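What the coordinates show
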Amino acid sequence: MSDDLRRVRGVFHVSRRVPWDVDDALRSHLDSVVDALTEYDVAAEIDLDADLESARVVLALTVVGDPESDRESSAREVLSDAIRGCGGRHEGLLPLGVESRLPMRSGPWSGLRTPNWTVHGFTSEPVETD
């Protein structure tokens, strides 16, 4: 079967126990996550819109796969892997049973400075191609 595209869009609040400061720590973390996402074959296009003052992040990802695959689940899994690979955590991205068993990964952030991505919405829709 031919590949099919799906656009998934997640709305997140990215927080940490120590507030984000003005040294671009949040921007640096977001850039690292986007860079990590580019390494996945399923990620065809990545768009990130962030309000650095409120730490509200909208991340849109175009996912490629065959029409019978669950591309939304694929998007959630690669996003989870990218966030954790960059030293962050997430809540509400994967089913609770899966999320609770994920191993922590070390990164540039530790303890009170660990970024935590809380999902506030997640949508998925097909991408029309010519």
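The text that follows walks through the structure, step by step, so that each part is easy to find. (Residues numbered from 1 in each chain as written. Predicted model: local features only at pLDDT ≥ 70, side-chain atom pairs only at ≥ 80, totals over all residues. Heavy atoms only, no water.)

**Points about the environment of Asp-81**
Cut-off, in case you're wondering: Secondary structure elements follow DSSP: runs of H or I of four or more residues count as helices, runs of E of two or more count as strands, with numbering from the N terminus. Polar contacts, as used here, are pairs of N or O atoms within 3.5 Å; protein pairs need one atom able to donate a hydrogen and one able to accept it. Residues neighboring in sequence count only if both atoms are side-chain atoms.
Its place among the elements puts Asp-81 in helix α2 (residues 71-85). Along the sequence, Asp-81 and Val-33 sit 48 residues apart, while their C-alpha atoms lie 9.3 Å from each other. Side-chain polar atoms of Asp-81 contact the side chain of Tyr-40, separated by 2.2 Å.

**A short note on the packing of aromatic side chains**
Stated formally: Pairs were defined over the aromatic rings of Phe, Tyr and Trp, the Trp ring being its six-membered one, requiring ring centres within 6.5 Å. Orientation was assigned from the angle between planes: stacked under 30 degrees, edge-to-face over 60, tilted for the rest. Throughout, exposure labels follow a simple rule: accessible area from a 1.4 Å probe, protein chains only, divided by the maximum for the residue type, with under 20% read as buried, over 50% as exposed, and the rest as partly exposed.
Counted under the stated rule, the structure contains 1 aromatic pair. Ring geometry for Phe-12 versus Trp-117: centroids 5.2 Å apart, planes at 75 degrees, classification edge-to-face. Taken together, the residues Phe-12 in strand β1 (residues 4-15) and Trp-117 in strand β5 (residues 116-126) connect sequence positions 105 residues apart. Neither residue differs from the other here; Phe-12 and Trp-117 are each classed as buried.

Function-wise, these values are silent; they only describe arrangement.
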